[in-house]
Structure formats: structure tokens, C-alpha cells
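# A structural walkthrough
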Amino acid sequence: MHGAGNDYIYVDTCLHPIPDPQAAAIRWSDRHTGIGSDGLVLIGRADTEDAEFSMRIFNADGSEAMMCGNASRCIGKYLYEKGMTNNTNILLQTRSGIKTLSLHLSDGNEGKRVESVTVDMLQPRLTAKEQFTGNDTQHTLTAGDKTFTGTFVSMGNPHFVIFTNDVNAIDVAKYGSMLETHPAFPARCNIEFAQVTGKDLLRTRVWERGSGITMACGTGACATAVAAVVTGRTGRQCQIIMDGGTLAIDWRNDNHVYMTGPAAFSFEGEAELP
């Protein structure tokens, strides 16, 4: 499945337990010798009464992530269209808290389908000592031959958002990989390069921690929107254009960030465990 081009392999662990998800993520994610994906997502039952279902996500390098906004939307679509729930509001347990998925349905030839999903991504944080060693809103970091000024935002997972006048001129692979492992980030970091292209409109390119360049990043879109508001570039509702599609972000008065975007099936199949 994919959300705005951010593609993952999804496994229902109630039916198919994965004993070594790190090894499976590495093997299956390889785009030359495996299935090909940005990582592996495990769908399961929640181990708390406060949620119905759970997700675990493993990046293409086998590392486990806290959360993925695009993946959570795909899980909502999967749960509803596979008949695992009739609810259009689903409580999903993640490593960064319980998220509420609000499904938006459309009528098709085979009944109702999930067209898009809004996810309550909870409250952003501008400081998180376990994720970033800086103290100020704006931070300057050096990577190779360049110095970047950016904004740290934690959406449960760490993000560093850098605004630029020409996002297409940035060598995302070169500088994203350097900044991901910068000493300022004890647990590595997701890096976003963003450009204001219109009123409340942002173009963002992503280097994801553990996966590299991806077509989109849901938490990254949320972090970009928060950084844009904090630095006075946009209002609290904006559109984030990423390589794989556009996500709508709304940082509401309850201080929660709400993300709306598509989710789509690519194909289904079988794979041998590593």
C-alpha cells in the first residue's frame, strides 16, 4: 500500500506473525532483490483497552520507527475494506501514542471504499532532549560544505525542517544523509527541505531516517507545517506538496495537528520469511 507514494509492505500479524521483523524489513524492502518498499508495517491488536488496533513500523534498514502518518492512513483503509472493523473512527496504538483515524468514504461499484483518512497526530513538541540537543527555535547545523538553519519539531519522531528558496536545487541525498546522523540528533533525525510556493502552500522534499529519500512523509508534512507557522511563513491550515502527492495539514486550537490524505492498495502477494 502507499500514501502519496510513501510505500510500505503491510502484514496482518493476527494471521501471519513475523518473528524477526527487522530482518524481514531489510530483505523485503530491497527494490532490486526484494518486494521493494520504504519499510515494513505490522498490523495487530492493541495491548491496551484505550485502542482497538496497533501498528509497528520498521524502516528499510531494519530500524524501528515511532510512527508514520502515511502508513496509519493505509492501515485505516486496510482495516475497513478488509472487514476488520465497521467503524469510521479507529483508535490506533503506536509507539508515539494513540492516534485517531477518521475515515472518509465514497461509494463504488463494490460498496463503500476509503477515499482518504484524517489522522489526529497529537501535539507537536519544539524541544525533546532525547531527540535533539538544541534549545532555541531556530538552529544552525553544518553538513559537509554547507550550513543550514532549521526548526526542530517532534511529532513523536524527530524532524528538522529547513526552509530554502529553491527546494529542487538541494542535493537531498547528500545533505539529508549527513544531517540525519548529525551529533545534534542522538537517535538520528528525519530531514525536510521546504519552500513556500504560494499562500499556505509548501513544497517539501524528504530524507527519512532509516529509509532515505521517500515520495512523502506524513509526520514530515506535519512537522513542516508546524515549522512554517512557528517561523511566520503560513497560517495554521496549509497544503504540503511532496514528491508523491499533497497532504492537508491543520494545526488546530486544541494544539493537535490533523493530517488528511489518500491511501491506496498497490498489490497483494506472498513472501517467504527471511
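This write-up is about the structure you can find in this document. Being a predicted model, the structure only gives us computed values, none of them experimental. Residue numbers restart at each chain and count upward from 1, following the sequence in its written direction. Totals for whole chains, interfaces and linings use every residue, but because this is a predicted model, local features are given only for residues with pLDDT of at least 70 and side-chain atom pairs only at 80 or more, for both listing and counting. Note that the side-chain values use all heavy atoms of the structure and ignore hydrogens as well as water.

## Observations concerning the overall build of the protein chain
Inclusion rule: Helix numbers and strand numbers start at the N terminus; a helix is a DSSP run of H or I with at least 4 residues, a strand a run of E with at least 2. Residue exposure (1.4 Å probe, protein chains only): buried if accessible area is under 20% of the type maximum, exposed if over 50%, otherwise partly exposed. The contact criterion used throughout is that any non-hydrogen atoms of two residues lie within 4.5 Å. For the purpose of charge, His is not counted, nor are the chain termini; Lys and Arg are scored as positive and Asp and Glu as negative. One atom stands in for each charge, and that atom is NZ of Lys, CZ of Arg, CG of Asp or CD of Glu.
Each helix and strand counted, the protein chain has four helices and 18 strands in total. Summarising its shape, the C-alpha atoms of the protein chain cover approximately 50 × 40 × 35 Å along the three principal directions. The buried share of the protein chain, taken over its 274 residues, is 53%. Sequence separation of 24 or more characterises 61% of the internal contacts of the protein chain that already satisfy a separation of 6 or more. Separation of charge centres in the protein chain, based on 23 positive and 31 negative side chains, amounts to 4 Å.

## A short note on the layout of surface pockets
Using the following cut-off: Of the two site types, the cavity is a set of points on a 1 Å grid over the protein atoms alone where a 1.4 Å probe fits but cannot get out, and the pocket is an open set with protein on both sides within 12 Å along at least five of seven lines, each lined by residues with an atom within 4 Å of a point. Grid points are joined across faces, edges and corners, and a volume is the space filled by probe spheres set on the points. Ten residues, namely Ala, Val, Leu, Ile, Met, Phe, Trp, Tyr, Cys and Pro, are considered nonpolar, four, namely Asp, Glu, Lys and Arg, are considered charged, and the remaining ones, Gly among them, are considered polar.
The space that makes up the largest pocket amounts to roughly 710 Å³. The wall of the largest pocket is formed by 25 residues, among which Ile9, Tyr10, Val11, Glu268 and Gly269 lie closest to the centre. Looking at the lining of the largest pocket, the element that brings in the most residues is strand β3 (residues 9-12), giving four residues. Along the lines of polarity and charge, the residues of the lining of the largest pocket split into 15 nonpolar, five polar and five charged.

## With respect to the pattern of salt bridges
Let me state the cut-off plainly: Each salt bridge in this description consists of a side-chain nitrogen of Lys or Arg and a carboxyl oxygen of Asp or Glu lying within 4 Å of one another.
By the definition in use, this model includes 14 salt bridges. Note that Glu268 and Lys82 form a salt bridge whose closest N and O atoms lie 2.6 Å from each other. Residue Glu268 is located in the segment after β18 (257-262), and its partner Lys82 is located in the loop between α2 (69-81) and β7 (89-94); the two are separated by 186 residues in the primary sequence. Given the relative accessible area of 36%, Lys82 is considered partly exposed. Its salt-bridge partner being Asp243, residue Arg203 comes within 2.5 Å of it at the nearest N-O pair.

## Thoughts on α2
To keep things clear, this is the line we draw: For a helix, the expected span equals 1.5 Å multiplied by the number of residues minus one.
Helix length check: α2 (13 residues) gives 19 Å between terminal C-alpha atoms against 18 Å at 1.5 Å per residue, within 8%. Of all 13 residues in α2, twelve are buried, a share of seventy percent or more. Along α2, the positions that sit buried rather than exposed are Gly69, Asn70, Ala71, Ser72, Arg73, Cys74, Ile75, Gly76, Lys77, Tyr78, Leu79 and Tyr80. Positive phi appears at Gly83, one or two residues downstream of α2, with a value of about 75°.

## A look at the environment of Trp28
Along the chain, Trp28 falls in helix α1 (residues 21-29). Overall, Trp28 belongs to the buried group, its relative accessible area being 7%. Separated by 23 residues in sequence, Trp28 and Ala51 place their C-alpha atoms 29 Å apart.

## Let's talk about unusual backbone geometry
Its identity is not glycine, yet Leu122 carries a phi of approximately 70°, on the positive side. Of note, Leu122 is situated in the loop between β9 (111-120) and β10 (138-143).

## Some words on the environment of Met259
You can see Met259 is positioned in strand β18. Along the backbone, Met259 and Met121 are 138 residues apart, and their C-alpha atoms lie at a distance of 7.0 Å.

## A look at the packing of aromatic side chains
Definition in use: Two aromatic rings from Phe, Tyr or Trp, using only the six-membered ring of Trp, form a pair when their centres are within 6.5 Å; if the ring planes differ by under 30 degrees the pair is stacked, by over 60 it is edge-to-face, and anything between is tilted. In this analysis the charged atom, NZ for Lys or CZ for Arg, is taken to sit over a ring once it is within 6 Å of the ring centre and within 35 degrees of the ring normal.
Within the structure shown, the criterion is met by seven aromatic pairs. With 6.4 Å between their ring centres and 45° between their planes, Tyr78 and Phe265 make a pair best called tilted. Placement of Tyr78 in helix α2 and of Phe265 in the segment after β18 is noted, with a sequence separation of 187 residues between them. For Tyr78, a relative accessible area of 15% gives the class buried. Through a chain of ring-to-ring contacts, three or more aromatic side chains come together here, namely Phe132, Phe152, Phe160 and Phe185. Between Arg236 and the ring centre of Trp251, over which it is positioned, the NZ or CZ distance is 4.3 Å. Above the plane of the ring of Tyr258 lies Arg252, whose end atom (NZ or CZ) is 3.7 Å from the centre.

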